[in-house]
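# Notes for the structure review
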Amino acid sequence: MNAGDHNSTAQPHGLSSTEAARRQQQDGPNLLPQPDRRNWLRIIWSVLREPMLLLLVGAAGIYLLLGDPQEATILGASVVLVIALTVYQEHKSERALQALRDLSSPRACVLRDGETRWVAARELVVGDVILVAEGDRVPADARVLDANEMMLDESMLTGESVPVRRSATPKGEQDENLIHASTLVVAGHGTAEVMAVGSNTAVGQIGMALRTLRTPPTPMQLEIRRAVILFAALGLGSSALMTLLYVAVHGGWLQGLLAGITLAMANIPEEFPIVLTVFLALGAWRMARHKALVRRAPAIEALGSVTVLCTDKTGTLTENRMSVAELVTDEERAVPADVLSPAMRALLACADLASPDRPFDPMEQAIHASATRLSEPLPREGWQRLHEYPLSRELLAVTHAWRQPNASALQIMCKGAPETIADLCGLTSEHRAAVLAQVDEMASRGLRVLAAASTAWNEDVTRLPLTARGFRLEWRGLIGLADPLRAGVREAVDEAQAAGVRVIMLTGDHLETARAIATQAGLANSGAVVLGSELAREGAALASRARETNVFARVQPDHKLRLVEALKRDGQVVAMTGDGVNDAPALTAAHVGVAMGERGTDVAREAASIVLLDDNFVTVVRAIRHGRVIYDNIVRAIRYILAVHVPITGLALLPLLFGGPLMLLPLHVVFLQLIIDPVSTLVFEREPAAPDVMQRPPRSPSRRLLDMRTLFGSLGQGLAVFVAVVAIYVLGRVDEVSAAQLAALSFTALVIGNLGLIVVNRAGAAQRHWWQQSNPAFWIVTLSALGLLFLITRFEGPGRPFRFAPPPLNLYLAALLLPLLVLGLIEGWRGMRRRRA
């Protein structure tokens, strides 16, 4: 953002920090009406409508009808426990989402205590002086104090699609000097005084419609939703069938209905949507803590499939903290020092006067700092900037026209791309060749090079030319600016390329500067640099450049869009970084658009799926890593949920096959849910990354979350546990133990198999043993489950509500070991296959 006070000699001071704090306390924060937040009552109400809890309440009612109030009371208490656990998980997810909303709050550039600073837009108060520029979303209703060719898109407020001009002095419409919150600056820049904030703004008075906005479901959520509907239909159908079979075999409708409800509780996969909600919310929150703010959930899904990462150079690969490293005129070359020749001081002063009074661009800040320290002081006080010719695609230069006190001629100061300035100065072919040779030499050392020129305008101010081409400028020299590579960039590039992600660098800089930085960063094939204009080609030429070239120089925003489209046609999954207004189409077209949070425009941030809070390339690669880990953990949780429901369903049906009493009761299912729910959300969500997460190729975007391999692999794991449970059940019947002992044995085998499934799916595709993976939540859940299992199966008192009796020790040991042995054999076979692969 480049904003400043350009047309007036009086410089606004802005409010003091103390006064701003007092006004905010008086008027409240600058916030528009927010979408409804789910408070505790809303969360509890949504939990109470869950099918699982309704089934539990139904089971408690049946126990009352059967004359068993003790069982009904225990089941009722378990309902309260399940509600408490689910509400806690939902509240944690809601807090994560709110933290993301707070992080994504827009920022504003404001004058406080006479200094320019960035603050959260919510901190603005009436009376603040704000600076806005092309690409910014206006943060509050304000009155324009000073403007330079400022145009606003007010379509979201008025419905009018044509941009409107805003200036400090109205020339027609009464509100021509007013700008409104949430409108977009599409051209120019200026300063304005805040007149209204929050609900008092024009959009705030309209904006209750924001409360109705809801994010559409992601492809992954749609897939899970279909799976839940399918499994729920199968579960309800099988429970109805079981009720009928039980009545046919044993008689007694109430007991049959209880058996059907138990089977339904065992079958309904209500954990699926909870897993997605919690994993995506907490995953996005964790990514935000690492400076990558996810604005759209599908980006997390797409991150693991990214095959090409297109990145800007300045501020992303480099620090964007520039300093003037070299000054070159036709006669001399110098490194900025305490003493400069008059020609060098004039060069610095010229470039400084071709910049805003309060520069935000890092190059202009570096020039201003050096000019203030080293150039001969120019008496800006009393000088008046009469006109500015802004940078444009057609003319890569900025020109400012100044009037000095008591001087008839205007001073014209210009800076920009060396080729452009050389053309504006009309240099001879020999002089131009010498200048461009100097530029190439400086750029080859990684310097960013600007040129400066000036002249005097002796004609009337009303006859200023329409463009800077109307001036006959005089060459001043070259300014070389150093922008070092960010720490960790080379390692991040290596990590991305090892993960099968091709890194492409795009920059508006000179070709040699691009080559030098790309080589420092370690990009593959960094020596082959082509101009962005090559991307303007069509057909095979464009496809070839997109497929073979990793470094592009002198890139324009529309070149980015053409590159994205060409890569997509080639079957690539593209992530693209950007920060400007004109980058928005490329950010929208990319599978994952990544905007800069610090220097990016509001337009770019709104077009992007992810916003970097530190504008760092390392953060982009870290986001890809996080995306892969989140997806891996979702797959682990889904596999576990599918697997664990197989033996539970089997144990519910087992008595029908052998003609015995029910082995699985609603209270048993509650016990299992108290393991399954925290494991599905807390344990697997905290799983660390597999060692090979950034060594494997990107995931194919066509690969489904619930593919045949995942489905049958999970059902196979569950079937193995069920075989172990059946074996224990048969051993108990052969030894003719009591029904209560047989139930305890079967349940022990089921719980141990459940814990074994956690271990098997934690290990997943990791190349290390599960006990080497740090996850405190796993040990808390496992040890708690084992402790409770021991209490209810080895002691009569705690086991009575479960209708358990302590079984013989030899069979009990078999129930503890057999499921683990079966799963151990499966894991050993899988490890052997992995080593062979």
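Everything numeric in this text was worked out from a predicted model, so none of it was measured. (Residues numbered from 1 in each chain as written. Predicted model: local features only at pLDDT ≥ 70, side-chain atom pairs only at ≥ 80, totals over all residues. Heavy atoms only, no water.)

Along the protein, the regular secondary structure elements total 27 helices and 22 strands. Counting only contacts in the protein whose residues sit at least 6 apart along the sequence, the fraction spanning at least 24 positions is 73%. Summing over all exposed atoms, the protein offers an accessible surface of approximately 35,500 Å²; the carbon and sulfur share of this is 58%. (Helix = DSSP H or I, 4+ residues; strand = E, 2+ residues; numbered from the N terminus. Contact = heavy atoms within 4.5 Å. Areas by Shrake-Rupley, 256 points an atom, 1.4 Å probe, with all protein chains shown as cover.)

This part is about the sheet that holds strand 16 (residues 474-482). Each strand in a sheet pairs with its neighbour through backbone hydrogen bonds, running either in the same direction (parallel) or in the opposite one (antiparallel). The strand order 11-10-16-15-14-13-12 describes an open sheet built from seven strands, whose pairing is antiparallel. The two strands at the open ends of the sheet, each matched to only one other strand, are strand 11 (333-334) and strand 12 (384-389). Looking at chain direction, strand 13 (residues 397-403) and strand 14 (residues 410-416) are connected through seven bridges and run antiparallel. Residue T399 lies in a different strand from strand 14, and its bridge partner there is C414. Strands in contact with helix 13 (residues 418-425) are strand 13, strand 14, strand 15 (448-457) and strand 16; relative to strand 15, the strand with the most contacts, it is inclined by about 25°. (Pairing = 2+ DSSP bridges. Axes fitted to C-alpha atoms, helices over the stretch in contact; angles between N-to-C directions.)

Look at R554: it is not a glycine, yet its phi comes out positive at around 55°. Phi is positive for E736, which is not a glycine, with a value near 55°. Relative to the helices and strands, E736 resides in the loop between helix 23 (708-734) and helix 24 (739-763).

Here is the key point about a regular strand: its side chains alternate between the two faces of the sheet. In this structure, strand 1 (residues 107-112) lies alongside strand 2 (residues 115-120), joined through six bridges in antiparallel fashion. Across the sheet, A108 pairs through a bridge with V119, a residue of strand 2. Linking strand 1 back to strand 2 in an antiparallel pair, the connection comprises two residues, with D113 at a positive phi of about 55°.

Orientation of helix 9 (residues 271-289) relative to helix 21 (residues 617-658), taken along the N-to-C sense of each, is 160°, at an axis distance of 10 Å. For the element pair helix 9 / helix 21, the angle class is roughly antiparallel. Seen from above, helix 9 lies across helix 21 with right-handed handedness. Note on element contacts: helix 21 touches helix 9 through A623, H626, I630, N633, I634, A637, I638, I641, L642 and H645, opposite E271, F272, V275, L276, F279, L280, G283 and M287. (Parallel < 35°, antiparallel > 145°, perpendicular 65-115°, else oblique. Left-handed = near helix turned anticlockwise from the far one by under 90°.)

Counting 124 residues, the largest nonpolar core has I610, F617, I634, Y640, L664, I675 and F747 as its most contacted members. Here this core takes 23 residues from helix 21, the largest share from any one element. In this structure, A288, L535, A546 and A607 belong to the second largest nonpolar core, which totals 30 residues. (Core = buried A, V, L, I, M, F, W, Y, C linked by side-chain atoms within 4.5 Å. Buried < 20%, exposed > 50% of the residue type's maximum accessible area, 1.4 Å probe, protein only.)

This part takes up the confidence of the model for the protein. Averaged over every residue, the pLDDT of the protein is 81; residues scoring 70 or more account for 82%. Ignoring residues within four places in sequence, the model shows residues 1-10, a span with pLDDT below 50, making 49 contacts including any to other chains. Across residues 207-215, where pLDDT falls below 50, the model places nine contacts with residues more than four positions away in sequence or in other chains. (pLDDT = per-residue confidence, 0-100.)

It is worth spelling out the pattern of salt bridges at this point. Taken as a whole and assessed by the stated rule, the structure comprises 31 salt bridges. Between R321 and E319 there is a salt bridge; the shortest N-O distance is 2.7 Å. For R321, a relative accessible area of 58% gives the class exposed. A salt bridge links E538 to R562; the nearest nitrogen and oxygen atoms lie 3.2 Å apart. (Salt bridge = Lys/Arg side-chain N within 4 Å of Asp/Glu carboxyl O.)

It is worth spelling out the packing of aromatic side chains at this point. Tallied over the entire structure, the rule returns ten aromatic pairs. Pairing F671 with F802 gives two aromatic rings, centres 6.1 Å apart and planes at 85°, and the pair type is edge-to-face. You can see F671 sitting in helix 22 (residues 666-683) and its partner F802 sitting in the loop between helix 26 (796-799) and helix 27 (809-836), a full 131 residues away along the chain. Each member of the pair, F671 as well as F802, carries the same accessibility label: buried. Both rings, one in F778 and one in W779, keep their centres 5.0 Å apart while their planes meet at 70°; by these two values the pair is edge-to-face. Residue placement shows R762 over the ring face of F778; its charged tip is 4.5 Å from the ring centre. We note R794 situated over the ring of Y812; from NZ or CZ to the ring centre the distance is 4.7 Å. (Phe/Tyr/Trp six-rings, centres within 6.5 Å; stacked < 30°, edge-to-face > 60°. Lys NZ or Arg CZ within 6 Å of the ring centre and 35° of its normal.)

This brings us to the packing of helix 21 against helix 23. Packing of helix 21 against helix 23 brings their axes to within 8 Å, and their N-to-C directions diverge by 35°. Considering only the axes of helix 21 and helix 23, their crossing is right-handed. Of the residues assigned to the contact of helix 21 with helix 23, the class counts are 17 nonpolar, five polar and two charged. (Nonpolar A, V, L, I, M, F, W, Y, C, P; charged D, E, K, R; others polar.)

Moving on to the environment of D579. Considering the arrangement of structural elements, one finds D579 in the loop between strand 20 (574-578) and helix 19 (584-589). Contact partners of D579, with chain neighbours within four places excluded, come to D312, M596, R599, G600, T601 and A604.

Together, L657, F658, V730 and V734 give the surface a local cluster of nonpolar side chains, amounting to about 390 Å² of exposed area. Counting residues per element, the ones that place at least two in the nonpolar patch are helix 21 and helix 23. Positionally, V734 belongs in helix 23. (Patch = residues over 30% accessible without salt bridge, like charges linked within 9 Å, V, L, I, M, F, W, Y side chains within 5 Å.)

All right, on to the side chain of N550 then. Here N550 shows up in the loop between helix 17 (539-548) and strand 19 (551-553). Side-chain polar atoms of N550 contact the side chain of R502, separated by 2.7 Å. Setting aside chain neighbours within four positions, we find N550 in contact with R502, V503, I504, M505, L523, A524 and N525. (Polar contact = N/O pair within 3.5 Å; in protein donor to acceptor, adjacent residues only side chain to side chain.)

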